[in-house]
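What follows is the residue order along each chain.
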Amino acid sequence: MAHIEPYRRLSLNKEILMGSRRTLIAGNWKMNGSRHSLSVLAEIARPTNDLPPHIEVVLFPPATLLAQTATLAKKTASKLGGQDCSSNSAGAFTGELSAAMLNDFRATYGLLGHSEGRTRHGESDDLVRQKSIQALDAGMIAVICIGETRDEKEAGRTFDVLADQLAHSVPKFSSADRIVIAYEPMWAIGTGTTPSVEEIEGAHAHLRDCLTFEWGANAGLISILYGGSVSPHNAMEILGLPSVDGLLIGGASLNPAKSAAICSNAAALHMGAGA
Ligand code: PEP
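Residues numbered from 1 in each chain as written. Predicted model: local features only at pLDDT ≥ 70, side-chain atom pairs only at ≥ 80, totals over all residues. Heavy atoms only, no water.

**Some points on the overall build of the protein chain**
Alright, step 1. Counting its regular elements, the protein chain contains twelve helices and eight strands.
Alright, step 2. Once local pairs closer than 6 in sequence are excluded, the contacts in the protein chain between residues at least 24 apart make up 74%.
Alright, step 3. Element-wise, carbon and sulfur atoms account for 55% of the exposed surface of the protein chain, whose accessible area totals about 12100 Å². (Helix = DSSP H or I, 4+ residues; strand = E, 2+ residues; numbered from the N terminus. Contact = heavy atoms within 4.5 Å. Areas by Shrake-Rupley, 256 points an atom, 1.4 Å probe, with all protein chains shown as cover.)

See below:
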């Protein structure tokens, strides 16, 4: 936590720098949860009621729980998202869900290009871009995940890899305010290991530069989230970084106490920043 004070001071200007960008706390439940775990899910959504209105909480349940989570989200301030979507709009694609189908369940966010899909199913940047286009066409906000592997990091290639993934995964000519980038170093996901705050800040600043090069002033509308082993212990420090617009949380988002702690960290930080 040695770096938190200078970074927090910098974050006082964050609201001004961010303009109208979204601040998001997103929970990716992955392949977890059942109808019987709804009471726990309700606990997870409850802290969102206490957040300032400019912070959006997005829940990404598995598709089987979309309907129940939609009902839950309606009672709280949280938004609903679909994990993944097809790169096609309809037709003979057994096992796939279109973005429009997810949107039909009131999912207004789509999570695309997660590292588990990229590594387990060999999803390419091109496929991620097609899926993102589908999500945007369905009127959703596309949360597009990118991040380097440990080997790429150790080879000093992080910035090149991120620039490349950004250039090929993010649809051009779309509304910047409906694009969100989630920087998730693959080696940090589910490992309990995170980059240093300097590394996160450096990667996010690099992504912001790349976005500005491509999108000009509209890049200012694109939020950049950090994801990878976020916990109540590091959430405040990471969220306090000037270039971090929010968090994408996996494991901790399934734990009501941890979710509540992260949300109250976010609220405290943002209320402090606005003071
Ligand atoms: C994720 O899966 O997107 C993620 C960030 O997981 P975790 O928080 O468990 O590392």
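**A few points about unusual backbone geometry**
Alright, step 1. Look at Asp84: it is not a glycine, yet its phi comes out positive at around 70 degrees.
Alright, step 2. If you trace the backbone, Asp84 turns up in the loop between strand 3 (79-83) and helix 5 (99-104).
Alright, step 3. Given the relative accessible area of 31%, Asp84 is considered partly exposed. (Buried < 20%, exposed > 50% of the residue type's maximum accessible area, 1.4 Å probe, protein only.)

**Details of the pattern of salt bridges**
Alright, step 1. Tallied over the full model, the rule gives ten salt bridges.
Alright, step 2. Between Arg150 and Glu154 there is a salt bridge whose closest N-O contact spans 3.5 Å. Taken together, the residues span about one helical turn, with Arg150 and Glu154 both in helix 8 (residues 150-154) at a distance of four residues.
Alright, step 3. Salt-bridge contacts for Lys153 lead to Glu199; the nearest nitrogen and oxygen are separated by 2.6 Å. (Salt bridge = Lys/Arg side-chain N within 4 Å of Asp/Glu carboxyl O.)

**Description of the confidence of the model for the protein chain**
Alright, step 1. Summing up the model confidence of the protein chain, the mean pLDDT is 89 and the portion of residues at 70 or higher is 90%.
Alright, step 2. Across residues 1-17, where pLDDT falls below 50, the model places 28 contacts with residues more than four positions away in sequence or in other chains. (pLDDT = per-residue confidence, 0-100.)

**Some thoughts on the sheet that holds strand 2 (residues 55-60)**
Alright, step 1. As summarised here, the arrangement of the eight strands in space is 1-2-3-4-5-6-7-8, forming a closed barrel in which the pairing is parallel. In this sheet, adjacent strand axes meet at a mean angle of 25 degrees when their direction is disregarded.
Alright, step 2. Two elements, strand 4 (residues 109-112) and strand 5 (residues 141-146), share four bridges in a ladder whose sense is parallel. Across the sheet, residue Leu112 finds its bridge partner in strand 5, namely Ile144.
Alright, step 3. Sheet contacts for helix 10 (residues 197-215): strand 5, strand 6 (179-183) and strand 7 (223-227); angle to strand 7, the most-contacted strand, approximately 150 degrees. (Pairing = 2+ DSSP bridges. Axes fitted to C-alpha atoms, helices over the stretch in contact; angles between N-to-C directions.)

**Section: the site of the ligand**
Alright, step 1. The full set close to the ligand counts 14 residues, and Lys30, Glu184, Gly190, Ser229 and Gly250 are the nearest of them.
Alright, step 2. One of the side-chain nitrogen or oxygen atoms of Lys30 is found 2.5 Å away from an oxygen atom of the ligand.
Alright, step 3. Glu184 places a side-chain nitrogen or oxygen 2.8 Å from an oxygen atom of the ligand.
Alright, step 4. Within the complex, the protein chains bury 95% of what would otherwise be the 290 Å² of accessible surface of the ligand.
Alright, step 5. Of the residues belonging to the shell around the ligand, the class tally is four nonpolar, eight polar and two charged. (Near = heavy atom within 4 Å. Polar contact = N/O pair within 3.5 Å; in protein donor to acceptor, adjacent residues only side chain to side chain. Nonpolar A, V, L, I, M, F, W, Y, C, P; charged D, E, K, R; others polar.)

**What about the side chain of Arg118?**
Alright, step 1. With respect to the helices, strands and loops of the structure, Arg118 is situated in helix 6 (residues 115-120).
Alright, step 2. A distance of 3.1 Å separates a polar atom in the side chain of Arg118 from a polar atom in the side chain of Ser169.

**Structural notes on the environment of Leu41**
Alright, step 1. Tracing the chain through its elements places Leu41 in helix 3 (residues 38-45).
Alright, step 2. For Leu41, a relative accessible area of 3% puts it in the buried group.

**Some details on the packing of helix 9 (residues 158-169) against helix 10**
The description of two packed helices rests on the angle between their axes and on the distance between the axes.
Alright, step 1. Axis separation between helix 9 and helix 10 bottoms out at 10 Å; the angle between their running directions is 40 degrees. Regarding the angle of helix 9 to helix 10, the classification is oblique. For the pair helix 9 and helix 10, the crossing hand works out as right-handed. Facing helix 9, whose interface residues are Phe159, Leu162, Ala163 and Leu166, helix 10 presents Gly202, Ala203, His206, Leu207, Cys210 and Leu211.
Alright, step 2. Of the residues that constitute the contact of helix 9 with helix 10, the class distribution is eight nonpolar, two polar and no charged. (Parallel < 35°, antiparallel > 145°, perpendicular 65-115°, else oblique. Left-handed = near helix turned anticlockwise from the far one by under 90°.)

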